[in-house]
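Remarks on the overall topology
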2 protein chains.
Amino acid sequence: MKNSELTRLQLLPAAELDLRLSRLRSIMAASGMDAMLVNSNTNIYYLTGRVFCGFIFIPLTGNPVYAVRRPTILTDDNAVYIRKIEDLPPLTGITSGTIGLEMSNASYSAVCRFEKAFGNGFSFNDASAALSQARSVKTDYELDKIRTSGVKHTALYERIPHLYQPGMRDIDLQIEIERTARQEGCLGQFRINGDDMELHMGNVLAGDNADSPSPYDFAMGGAGLDPSLPVGADGSLIRPGESVMVDVNGNFTGYMTDMTRCFAVRDDLPEKAMHAHRTSIDICNALADMGRPGVEAKMLYEKARAMAVEAGLENEFMGHRQHAGFVGHGLGIEINELPVIAPRSKSILQTGNVIALEPKFVIPGVGAVGIENTYIVKSEGPMECVTNAPRQIISFE
Amino acid sequence: MKNSELTRLQLLPAAELDLRLSRLRSIMAASGMDAMLVNSNTNIYYLTGRVFCGFIFIPLTGNPVYAVRRPTILTDDNAVYIRKIEDLPPLTGITSGTIGLEMSNASYSAVCRFEKAFGNGFSFNDASAALSQARSVKTDYELDKIRTSGVKHTALYERIPHLYQPGMRDIDLQIEIERTARQEGCLGQFRINGDDMELHMGNVLAGDNADSPSPYDFAMGGAGLDPSLPVGADGSLIRPGESVMVDVNGNFTGYMTDMTRCFAVRDDLPEKAMHAHRTSIDICNALADMGRPGVEAKMLYEKARAMAVEAGLENEFMGHRQHAGFVGHGLGIEINELPVIAPRSKSILQTGNVIALEPKFVIPGVGAVGIENTYIVKSEGPMECVTNAPRQIISFE
C-alpha cells in the first residue's frame, strides 16, 4: 500500500501495541511515573509505527492520547488535533501526578515549556532511560523488520565489488554505494541519538585516512571532505596494498542493521592486516557464541579486548591514533541504542537485544580492517547474525 | 589542502573571528551575559570553521577557551583537552556571573549538567537566540561560501533534465539527482534546526503526491516511501501533464543554498499550473525588489500572499490540503535560520541576511509548481540571487 493511503494514525497491530505499552508501563511503574509524554520522532515511531508531529500522552492505565499537530489527515479513536503543547493537558483527564518527559532528547527549552503547560499539580522526571530500556528489547515484529533490513543490506554489500573502477577515489566509490543502497530501498535517513552525532549515509575509509581521528563517537574516523563534516572519505585514491573499509547505512525498513566489510584492489594486504582481519572475524565468532541472556555486556568487551591483546594488536584495536571506547552497540530505530558493549557498561544481555559487533583495527600504512555484523540475542544458543555477507577481505579485481 | 592536514583548531582568519566574536559579544552584553558556553556542532563550526566535539567558553572580554574532547589532534593557543564538562569550569578563570547556554539546542539533561558543573556562583540564561541573531547576519567570508554553494547548486540543477529517463518513478529520478549532487561536491549532510525535522538530501515531488501532508515543517510535503520517514517521493510514476518539483540539498561548502525548480515530461502543464508557476516567479521578483535593510519580514509574506490571492490562487498557495505558514526562511549553516518570512515574524531585514524565498502552489491533479531561490540582502538595491538557473518549467524531453 502506498504511504499516502495510510491515514490511520496507529499502524501497529493491536497485540503489538499492547506488548510495547505493557513493557513500557512496567518500567514506568517501577520508576514512579503516573504518565509519560513522548515527543521525539523516534519514540513516536516506536509507539505508532509512523512519525507524526505532536505528542503521545501515556497514562499508567487507560488509552494513550495521540495529540497531533501535523499531518492533518490522520485518524484514530484516540487522536486529537492540537496547535501547541498547552492544548494537551486539559485533554488528558489527569490533574496531578508524576509525568516522565524525554529530558535526554528534548531541548531544555522544550522540557520547560512542557512542565509549564502541565503546571503546578505535577512533578516530572526523565523518561528517556525508560524508553531506551523498553526499546532495547525488540519484539518479534521488530525483529522481522531488522531481518528484512539485514537481507537488503547484505544484497547491497554483494554488489559493492562490482561498483569499483580503477582510478576511483574513496568518495567516488562511496557515491556509487549510496546510489546502489537507495536502489535497493535504503530510506537514506541515518538516525543517531545525540545532538553532536552526524553522518551522511555511512563511512568509506581508504588507506591511512582510517587513522584520521574524528570528533564523532563512531568506531572509526576519517578526515572527511570538509572541516564542517570531518568524518569519512577524504578524496583518497584507492590504491593496491591498502584496505577500503565500507560501513554504510542499513535503514531499509525504519529499523537499521549495521554492517562493515573490507575490500582491496588485490586481496593480498600485508600480513599484519590480514592477521588483524582474521582476528576480527574470530572475535565476532567468539562473541556471537558468548552472547546469551544473562551475560554482562562488559564481558563481551573484555573478551574482545583480550583476544586483540593476545593477537599482539592492542595498539591497533578500535583505532590507532585515537581509540574508540566500545566494541559494539545496540541498534534498531537508531544506530546507537542499548546495550553498549563497553568496559563500564552496566547492561546485561536479554533475549531480543539487537547488537552490532565491530571489532576493528587500524594498521598504519594499510588502513582499517575487520568486520561488523548485526546480531540478535536469542533465548538459547549463540546470537543470530542477520548480516550474512562473506567475511573475508573482498577483492575488487 | 586535505582535511587531514588541517590540524590547527581555529580555521577562521583572525579578522573574521574577531568580527564574529565582536558581533556575538555585543548581543551577549545586551542580554546580560558575562560569558557563553557553546556546545552544538553548528555553533562550534560558526566560531572556528570546523566541527569538533567539546565546548567553546566565550567570556565577554579576553580569549575564548576551546575545550576539546575529540579529535585528539587539534592545536591552538587557547585549546585545552578535557574528558568531560566538569573539567572545564576551573580552566575558565571565572568564578561567578551569568553564563549563556544553548537551551534551545542542548537537551534538558545536558543543560542541567552544564549548570551543575559551573555551580552555585553562576546564573544561567538562554544563549540560543543570541547565537541565532548573530548568525542571521552573514559576513563577507560567509557570503563567499554561500555564493560558491549557489554556483555548484545551479550546476546540479542544469544537469537534472539530462538525468530523466522515460518510465522513471520520482524516487528513481531522486536517486540520480542525489548521485549527481554528490559528484558535484555536495557534502550530503542536510543540517536542520529542531529535533523533529528530518529530510534525506531533499524532496522530489511528482504529481498529486505533492498534496500529501507531511509531519515536517517544510513548505511542501509528500507521503514518502515509508511511514518512518513520511516526506517526499513516494514511488509515483512520472507522467505527462504532471509536474515534478525538485528541492534538493545545496550544502557544498558547510553553508547551504536552497533552490527549487519544476520539470515536466512535456512543458505544457494545464493552464492553471502554468499561471501559478508564473505567479511564483512574479512573487520572487517582487520580493527580491522589496527586500532591503529595514523592511519587515512579515511585509514580504503579506506581499506574497496578496499576489497569490490576486492571482486567484489563495487555496493553492503554500499547499492545498495542508498549508505551510511561511513563504521563506533564513539559511546558512542550517536550512532554517533567521529571519523567517511569515505573518507573525518580528524580524526586520538587515544587510547580510540570506533568505530563501519559495512561493509555491499545489494544483490538484497536476502537482506542485513554483520556484525557490536564495537571496542576499544588500545595503542598497534589490536582493542578490545566488541560485541563477532558468526559472521556467523545464522539459524533460
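Here, residues in each chain are numbered from 1, in the same order as that chain's written sequence. Here every chain gets a letter starting at A, and every ligand a number starting at 1, in the order they are written. The predicted nature of this model means local features are confined to residues of pLDDT at least 70 and side-chain atom pairs, given and counted, to a pLDDT of 80 or more, with totals for whole chains, interfaces and linings taken over all residues. Hydrogens and waters are ignored; side-chain quantities use all the structure's heavy atoms.

As for the overall build of chain A
Secondary structure is summarised from DSSP: a helix means a run of H or I of at least four residues, a strand means a run of E of at least two, and numbering begins at the N terminus for each. Broken down by element type, chain A carries nine helices and 19 strands. For the radius of gyration, the atoms used are the C-alpha atoms, and the globule rule reads 2.2 Å times the number of residues raised to 0.38. For 397 residues, the compact-globule estimate of 2.2 N^0.38 gives 21 Å, and the C-alpha radius of gyration of chain A, at 22 Å, lies within 12% of that figure. Considered along the principal axes of its C-alpha atoms, chain A spans approximately 70 × 40 × 35 Å. Here chain A holds 397 residues, and the buried ones make up 63% of them. The classification of residues rests on relative accessible area computed with a 1.4 Å probe and restricted to protein chains. Under 20% of the type maximum is buried, over 50% is exposed, and intermediate values are partly exposed.

Let's talk about the environment of Leu11 of chain B
Mapped onto the elements of the fold, Leu11 of chain B is located in the segment before helix 1 (14-30). Along the backbone, Leu11 of chain B and Ala356 of chain B are 345 residues apart, and their C-alpha atoms lie at a distance of 27 Å. When residues no more than four places from it in sequence are discounted, the contact partners of Leu11 of chain B are Pro227 of chain A together with Leu6, Thr48, Gly49, Arg50 and Tyr141 of chain B. Contacts are assigned to residue pairs with any non-hydrogen atoms lying within 4.5 Å of each other.

Comments concerning the packing of aromatic side chains
Aromatic pairing here means that ring centres of Phe, Tyr or Trp (its six-membered ring) are within 6.5 Å. Orientation follows from the plane angle: under 30 degrees is stacked, over 60 is edge-to-face, and everything else is tilted. Evaluation of the coordinates by the stated rule reveals 19 aromatic pairs over all chains. Ring geometry for Tyr301 of chain A against Phe317 of chain A: centres 6.4 Å apart, planes inclined by 50 degrees, an arrangement best described as tilted. In this pair, Tyr301 of chain A is assigned in helix 9 (residues 297-310) and Phe317 of chain A in the loop between helix 9 and strand 12 (328-330), connecting sequence segments 16 residues apart. Centre to centre, the rings of Tyr216 of chain B and Phe218 of chain B are 6.1 Å apart; their planes meet at 45 degrees, and the pair counts as tilted.

Focus on the layout of surface pockets
Over the atoms, a rolled probe matching the size of one water molecule traces out where space is still vacant. In this structure, the second largest pocket encloses a volume near 270 Å³. In the cavity and pocket records, a cavity denotes points on a 1 Å grid over the protein atoms alone where a 1.4 Å probe fits but cannot get out, a pocket denotes an open set with protein on both sides within 12 Å along at least 5 of 7 lines, and lining residues are residues with an atom within 4 Å of a point. In terms of lining residues, the second largest pocket is bounded by 15 residues, among which Ile171 and Leu225 of chain A together with Arg182, Gln183 and Gly185 of chain B are the most central. Counting residues per element, the lining of the second largest pocket draws most heavily on helix 7 (residues 170-183) of chain A, at four residues. Grid points are joined across faces, edges and corners, and a volume is the space filled by probe spheres set on the points.

A look at the pairing of strand 15 (residues 360-363) of chain A
Residue and element names in this part refer to chain A. Residues Lys360 and Val362 line one face of strand 15 and the alternating positions Phe361 and Ile363 line the opposite face, and both faces are buried. The pairing criterion is simple: DSSP has to find at least two bridges between the two strands. Pairing analysis gives four bridges linking strand 15 to strand 16 (residues 367-370), with the strands arranged antiparallel. Bridge pairing in strand 16 links Lys360 to Gly370. Between strand 15 and strand 16, which pair antiparallel and follow one another directly, the connecting turn spans three residues, one of which, Gly365, has a positive phi of 85 degrees.

Quick look at the packing of helix 1 (residues 14-30) of chain A against helix 5 (residues 128-136) of chain A
All names here are of chain A. Note on definitions: angles span 0 to 180 degrees between N-to-C directions of axes, and those axes are lines fitted to C-alpha atoms, for helices only across the stretch in contact. Orientation of helix 1 relative to helix 5, taken along the N-to-C sense of each, is 140 degrees, at an axis distance of 9 Å. As far as their axial angle goes, helix 5 and helix 1 are oblique. In the crossing of helix 1 with helix 5, the sense of the turn from one axis to the other is right-handed. Counting all contacts with helix 1, which are made through Arg23, Leu24 and Ile27, the residues of helix 5 involved are Ala130, Leu131, Gln133 and Ala134. Here the angle decides the label: under 35 degrees means roughly parallel, over 145 means roughly antiparallel, 65 to 115 means roughly perpendicular, and every other value means oblique. Take the far helix as the reference: if the near one is turned anticlockwise from it by less than a right angle, the crossing is left-handed, and if turned clockwise, right-handed.

Section: helix 9 of chain A
Residue and element names in this part refer to chain A. Between its first and last C-alpha atoms helix 9 spans 20 Å; for 14 residues at 1.5 Å apiece the expected length is 20 Å, and the two agree. Among all positions of helix 9, only Ala297, Leu300, Tyr301, Ala304, Met307 and Ala308 are buried. With its buried residues spanning 130 degrees around the axis, helix 9 presents them on a single face. In this structure, the buried side of helix 9 is in contact with helix 8 (271-290), strand 13 (337-341) and strand 15. Once helix 9 finishes, Gly312 follows within two positions and takes phi at roughly 75 degrees, a positive value. Here a helix's expected span is defined as the number of its residues, less one, multiplied by 1.5 Å. By construction, the arc corresponds to the directions joining the helix axis to the C-beta atoms.

Digging into the nonpolar core
Counting residues in each nonpolar core, the largest one holds 90 residues, and the members touching the most others are Met36 and Ile58 of chain A together with Met36 and Ile58 of chain B. Residue contacts for Ile58 of chain A: discarding those within four places in its chain leaves Leu21, Leu24, Arg25, Met28, Asp34, Ala35, Met36, Val38, Leu47 and Pro64 of chain A. Residues Cys262, Ala264, Phe326 and Phe361 of chain A belong to the second largest nonpolar core, which totals 47 residues. Within this scheme, the nonpolar core is defined by two criteria: the residues are buried Ala, Val, Leu, Ile, Met, Phe, Trp, Tyr or Cys, and they are joined through side-chain atoms within 4.5 Å.

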